[in-house]
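This is what each chain is made of:
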Amino acid sequence: MKRFHIGLYLFLISLLIPFNSHPQGLKKIAIIPFKIHAQKGMEFLKEGITDMLITRLSWKGETEIIERWKVNEILEKRGMPIKKEDIISIGRALGADYLITGSITIVGESVSVDAKIYNIKTAEELLTAYTQSHGMDEVIPTISKFADEINEKILGRAAEIKITQPIRRKQEKEQVLSPIFMPSEREERVQIKYLKRERVEARALDVGDIDGDGKKEIILMDHRNLFVYKVSEKSLLRILRYTESPTHEFIWMNVADLDKDGRAEIYLSALVGKGASASILQYQGGRLKKIGEVSNWLIRVLDAPYHRKTLIGQRRALDGGFHGDVYVMKRSGKGLKKLRALKLPRFSNVYNFLEIDFEKTHKPYTVVLNPYERLLLYDASLNLIWKSEDLFGGTLTYIEDKSGNARQEDTGDYLYLPSPMYAVDVDGDGKDELMICKNREKTGRLFEKTRVFSSGQLVFFQFDKTGLRIKWKTKKITGPIVGYRIADVDGDKREELVVSSVIKQGFIKGHGRSQILIYQLR
């Protein structure tokens, strides 16, 4: 399975993923990473510009972007091309019809962009793009216009999205976000508001006011414990711990006040032997008390459109994975009762989908993180309209399937749980984005049981009529990200970004190290 590592640390760009199809032959395009002439810390531009060009020039049935590893492999052997004949030679070696190359030069506040595309067969320089500006403002529009001209003049496709002045005004508005969302050569600009490290291998994080005092607590989960934290006098204090019996292995946790009594409950799913257990906990008398439990169900509090929270559940097959439909659930005494089955796309399970009304039309789209950890976007009629090339999510938590039952897809005996997805308006523009993590794995997901992640970052997608495009990314954080929420956790009436990552994996359960990071959102 091919891996593409997208590192778009530019100011946010307008990406287009077209799905048009025409009967002509595929045009192969190679993109040489742009040369960056600048002080250290600007290398993110090289990968970001490549990402932008790949996305804007991808055209199903019409273009084929030559894989990055092939380009990098030949550059390692021959070096970066300087002369025109070297560029043409590399293009021919790659089997390309066209080759794009360029450079960005940054001297103080002066920034210049120079980009070119060559016809490899005729050795012609077909188009050039050049601009010089004060600051980074013109980099994105220049590359965008260059891509539009390639689409229109060379590939025969009219540009569908133009970057205009309103987009730039929007970017200026979005600059109020914390530097965690922006490229910076000076890491010290990104200030961590609160930090807590623990000798646990975290699996999930959520926030909620569990004691009814009007301030949200942070709840961290590992395989057998819940840890509750409260922000107090510029520090993050652990105030409570809840431990289950050794027969229970926690795999999912949400916090929500579904009974509207002013205190959020904790909804917990665990593997128990060959089955499962769903529990509801509530803060009572200074501790967490179990107020409900049902066997062989896995549950989740779904963040539904229009700020509704809904309890959903799905059965676990005996000694196996997910079984049957996903149901809307409700509490019934000390147990749970299923109400109705949800109509969901193929490959959906209780944890791997989210409905988002991107366009505020009351016709929400459904996003699914499929078993191979690619994002799928379905319209209101559940028609697939977009699929990501990259992998997203990436967790350490799995269900071992020993049932031997036939599966929809051959994902092996270890069914890794998806990372959580949320609809958030991170930049305050009135439109929801999809928030999900993207964890970078050292082993490339080659091994079924063992995963080793080096870093993670949060990615924020917005909808652009043809699919999803990346609007924001955070800086990378050490280790895989396992939980994230946007909420006011210190009572200052301003939202924070709360993130948890595993900084040291413990290959024996309970022997890892994790951290909770809190950033001011704006």
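Residues numbered from 1 in each chain as written. Predicted model: local features only at pLDDT ≥ 70, side-chain atom pairs only at ≥ 80, totals over all residues. Heavy atoms only, no water.

A. View of the pairing of strand S13 (residues 265–272). Most of S13 is tucked away: seven of the eight residues are buried. Of the strand pairs in this sheet, S13 and strand S14 (residues 275–284) are connected by seven bridges, and their pairing is antiparallel. Within S14, the residue paired with leucine 271 across the bridge is alanine 276. In textbook terms, the turn of a hairpin is the stretch between consecutive antiparallel strands, and for S13 and S14 this stretch comprises two residues, one of which, glycine 273, has a positive phi near 60 degrees. (Buried < 20%, exposed > 50% of the residue type's maximum accessible area, 1.4 Å probe, protein only. Helix = DSSP H or I, 4+ residues; strand = E, 2+ residues; numbered from the N terminus. Pairing = 2+ DSSP bridges.)

B. Examining the environment of glutamate 441 more closely. Structurally, glutamate 441 is set in strand S27 (residues 433–441). With 14 residues separating them along the chain, glutamate 441 and serine 455 place their C-alpha atoms 7.6 Å apart. Setting aside residues up to four positions removed in sequence, glutamate 441 forms contacts with Thr450, Arg451, Val452 and Phe453. (Contact = heavy atoms within 4.5 Å.)

C. Examining the packing of aromatic side chains more closely. This model, assessed by the stated rule, comprises eleven aromatic pairs. Note on tyrosine 365 and phenylalanine 463: the rings are 4.5 Å apart at their centroids and 40 degrees apart in plane angle, and the pair reads as tilted. With tyrosine 365 in strand S21 (residues 365–369) and phenylalanine 463 in strand S28 (residues 453–463), the pair connects residues that are 98 residues apart, well separated along the chain. Each member of the pair tyrosine 365 and phenylalanine 463 is classed as buried. Among the aromatic side chains, those forming a connected cluster through ring pairs are Trp252, Phe322 and Tyr351. (Phe/Tyr/Trp six-rings, centres within 6.5 Å; stacked < 30°, edge-to-face > 60°.)

D. Region of interest: empty space enclosed by the protein. In this structure the tally under the stated criterion is six cavities of 30 Å³ or more. Breaking the lining of the largest cavity down by element, the ones donating at least two residues are strand S8 (204–208), strand S12 (248–256) and strand S31 (481–487). If one sorts the elements of the lining of the largest cavity by residue count, S12 sits on top with four residues. Among the residues making up the lining of the largest cavity, the classes are represented as 13 nonpolar, six polar and one charged. (1 Å grid on protein atoms, 1.4 Å probe; cavity = no way out; pocket = protein on both sides within 12 Å on 5 of 7 lines; lining within 4 Å. Points joined across faces, edges and corners; volume = space filled by probe spheres on them. Nonpolar A, V, L, I, M, F, W, Y, C, P; charged D, E, K, R; others polar.)

E. The arrangement of the pattern of salt bridges in detail. With the rule as written, the count across this model stands at 25 salt bridges. Between lysine 230 and aspartate 211 there is a salt bridge, with the nearest N and O atoms lying 3.4 Å from each other. Within this pair, whereas lysine 230 is found in strand S10 (residues 225–232), its partner aspartate 211 is found in the loop between S8 and strand S9 (217–221), the two being separated by 19 residues in sequence. Looking at lysine 230, the relative accessible area reads 18%, which means it is buried. Linking arginine 494 and aspartate 492 is a salt bridge whose minimum nitrogen-to-oxygen distance equals 3.6 Å. Overall, the relative accessible area of 27% leaves aspartate 492 in the partly exposed class. One network of salt bridges, with partners in common, ties together Lys193, Asp490, Asp492, Arg494 and Glu496. (Salt bridge = Lys/Arg side-chain N within 4 Å of Asp/Glu carboxyl O.)

F. Structural detail: helix H2 (residues 68–78). Among the residues of H2, those classed as buried are Arg68, Val71, Ile74 and Leu75. End-on, the buried residues of H2 take up no more than an arc of 140 degrees, which puts them together on one face. Of the exposed residues in H2, those oriented more than 90 degrees away from the buried face are Glu76 and Lys77. One or two residues past the end of H2 sits glycine 79, with phi positive at roughly 85 degrees. (Arc of directions from axis to C-beta.)

G. Local environment of the nonpolar core. One finds Leu375, Leu434, Leu458 and Phe461 to be the most contacted residues of the largest nonpolar core, which totals 55 residues. A per-element tally of this core places S28 first, with five residues. Non-local contacts of phenylalanine 461, meaning those with residues more than four positions away in its chain, are made with Phe358, Leu375, Trp386, Phe392, Glu433, Leu434, Ile436, Leu468, Arg469, Ile470 and Lys471. In terms of nonpolar packing, the next biggest core, distinct from the first, is built from 30 residues, Leu57, Val113, Phe146 and Ile154 among them. (Core = buried A, V, L, I, M, F, W, Y, C linked by side-chain atoms within 4.5 Å.)

H. Summary view of the sheet that holds S9. Pairing is antiparallel across the open sheet formed by four strands, whose spatial order is S8-S9-S10-S11. The sheet is open, and its two borders are formed by S8 and strand S11 (235–243), each paired with just one other strand. Here the strands of the sheet are splayed against their neighbours by 25 degrees on average, with no regard to which way each runs. Direction of pairing for S8 relative to S9: antiparallel, over a ladder of five bridges. Looking across to S9, one finds that aspartate 206 is bridged to isoleucine 219. (Axes fitted to C-alpha atoms, helices over the stretch in contact; angles between N-to-C directions.)

I. Region of the structure containing the sheet that holds strand S19 (residues 335–341). The strand order across the open sheet formed by four strands is S16-S17-S18-S19, and the pairing between neighbours is antiparallel. Strand pairing shows two members of the sheet lacking a second neighbour, strand S16 (297–304) and S19, which therefore form its edges. Between one strand axis and the next, the sheet turns through 45 degrees on average, direction left out of account. In this structure, S16 lies alongside strand S17 (residues 308–316), joined through eight bridges in antiparallel fashion.

Geometric descriptors of this kind do not, in isolation, establish any biological role.
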